[in-house]
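Structural features, examined
Next come the chains, spelled out residue by residue.
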Amino acid sequence: MAEKKKRKGRRAYLNDFHVGLNGEYTYTGPVYRYEGELPYPQALKRLRLLVAAMCLAMIGAGVVPAPSMVGFGNFYVVSFFMIELVGVALSTWSAYRLISGCENLRAYVYEATVNKLPQRLEMTFFFAAACVVVNVVYLCLNGFGGKVILSLLLIVVHIGVGAAAQVLRRTLTLMRWNTGREEELPEHEE
């Protein structure tokens, strides 16, 4: 039988799957088991709430009809908003993969979620803060345009996105993972 070609790069994780005698693929790579301070169900609940808060705040930032978000002459505000939106989308996708996983994460899922999510949340926080700054700059240059409450609400919503991202990043630091093979990891008490 021919030797299976080792993959490199993005698809290197496929080297950890092997065909059994019955023709089914089995994963034989490293597995990471959750061993954080909080019990796993509580940690998941906290993650879900924070991701939902971040997404709802981002939706709120998109629907508030503040003068800085509508009309012309606001390209610098909208461009930072779009990058913040990308940061929230990437963070949400990584968090979804982490949440939909279980206490035992395969190595490639761990790399795509636990390792990348803090950087994505930092990006989200940075651009949420940048959105607050450019909105203040817009207000200094153009005024409130008769919509004081909406303009201030938009700034508060961007602060909410940044705060949720920062708290979520700190929550991830409390989540500890132990590595090993699936058969080597001790059984987890319920």
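Quick look at the structure, then. (Residues numbered from 1 in each chain as written. Predicted model: local features only at pLDDT ≥ 70, side-chain atom pairs only at ≥ 80, totals over all residues. Heavy atoms only, no water.)

A word on the overall build of the chain. Along the chain, the regular secondary structure elements total five helices and five strands. When the helices and strands of the chain are placed in sequence order, the string is β-β-β-α-α-β-α-α-α-β. Taking the intrachain contacts of the chain between residues at least 6 apart in sequence as the baseline, contacts between residues at least 24 apart amount to 75%. Carbon and sulfur atoms make up 63% of the accessible area of the chain, which amounts to about 11500 Å² in all. (Helix = DSSP H or I, 4+ residues; strand = E, 2+ residues; numbered from the N terminus. Contact = heavy atoms within 4.5 Å. Areas by Shrake-Rupley, 256 points an atom, 1.4 Å probe, with all protein chains shown as cover.)

The next point concerns the environment of Tyr96. With respect to the helices, strands and loops of the structure, Tyr96 is situated in helix H2 (residues 75-100). Judged by its relative accessible area of 49%, Tyr96 falls in the partly exposed class. Sequence separation of Tyr96 and Leu47 is 49 residues, and the distance between their C-alpha atoms is 9.3 Å. (Buried < 20%, exposed > 50% of the residue type's maximum accessible area, 1.4 Å probe, protein only.)

A cluster of nonpolar residues, Phe144, Val148, Ile149 and Leu152, forms a patch on the protein surface that exposes about 370 Å² of accessible area. Of note, Ile149 is situated in helix H5 (residues 148-174). (Patch = residues over 30% accessible without salt bridge, like charges linked within 9 Å, V, L, I, M, F, W, Y side chains within 5 Å. Salt bridge = Lys/Arg side-chain N within 4 Å of Asp/Glu carboxyl O.)

Attention now moves to the packing of helix H1 (residues 40-63) against H5. In contact at an axis separation of 8 Å, H1 and H5 are set at 160° when each is read in the N-to-C sense. Considered as vectors, H1 and H5 are oriented roughly antiparallel to each other. Seen along the crossing, H1 lies across H5 with a hand that is left-handed. Side by side, H1 and H5 meet where Arg46, Leu47, Leu50, Val51, Ala53, Met54, Ala57, Met58, Gly60 and Ala61 of the first sit next to Leu154, Val157, His158, Gly160, Val161, Ala164, Ala165, Val167, Leu168, Thr171, Leu172 and Leu174 of the second. Partitioning the contact of H1 with H5 into residue classes produces 17 nonpolar, four polar and one charged. (Axes fitted to C-alpha atoms, helices over the stretch in contact; angles between N-to-C directions. Parallel < 35°, antiparallel > 145°, perpendicular 65-115°, else oblique. Left-handed = near helix turned anticlockwise from the far one by under 90°. Nonpolar A, V, L, I, M, F, W, Y, C, P; charged D, E, K, R; others polar.)

Before going further, it helps to examine the nonpolar core. Grouped together as the largest cluster of nonpolar side chains are 47 residues, with contacts concentrated most on Leu47, Met54, Leu98 and Trp177. Within the residue set of this core, elements represented by two or more residues are strand E3 (31-34), H1, H2, helix H3 (107-115), helix H4 (117-142) and H5. At 10 residues, H1 tops the list of elements feeding residues into this core. For Met54, the residues in contact, after removing those within four places along its chain, are Val88, Ser91, Thr92, Leu121, Thr124, Val161, Ala164, Ala165 and Leu168. (Core = buried A, V, L, I, M, F, W, Y, C linked by side-chain atoms within 4.5 Å.)

Here we take up H2. Given a rise of 1.5 Å per residue, 26 residues ought to cover 38 Å, and the 37 Å separating the end C-alpha atoms of H2 matches this to within 8%. Every buried residue belonging to H2 is among Tyr76, Val77, Phe81, Glu84, Gly87, Val88, Ser91, Ser94, Ala95, Leu98 and Ile99, and all of these are buried. Against H1, strand E4 (104-106), H3, H4, H5 and strand E5 (177-180) lie the buried residues of H2. (Expected span 1.5 Å × (residues − 1).)

Oppositely charged side chains can form a pair if their charged atoms are brought close together. Enumeration over the complete set of coordinates arrives at one salt bridge. Among the salt bridges present, the one from Arg169 reaches Glu122, with a minimum N-O distance of 2.4 Å. Residue Arg169 is located in helix H5, and its partner Glu122 is located in helix H4; the two are separated by 47 residues in the primary sequence. Residue Arg169 is classed as partly exposed on the basis of its relative accessible area of 21%. According to the relative accessible area criterion, Glu122 is partly exposed, its value standing at 32%.

Another aspect to go through is the sheet that holds E3. Within the open sheet, the three strands sit side by side as E4-E3-E5. Their pairing is antiparallel. With one partner strand each, in any of the chains shown, E4 and E5 form the two edges of the open sheet. Neighbour-to-neighbour, the strand axes of this sheet turn through a mean angle of 30°, independent of strand direction. The pairing of E3 with E4 spans three bridges and is classified as antiparallel. Note that in E4 the partner of Arg33 across the bridge is Asn104. (Pairing = 2+ DSSP bridges.)

It is worth spelling out the side chain of Asn74 at this point. Secondary-structure assignment places Asn74 in the loop between H1 and H2. For Asn74, a relative accessible area of 6% translates into the label buried. Once you skip the residues sitting within four places of it in the chain, Asn74 turns out to touch Pro67, Ser68, Met69 and Tyr138.

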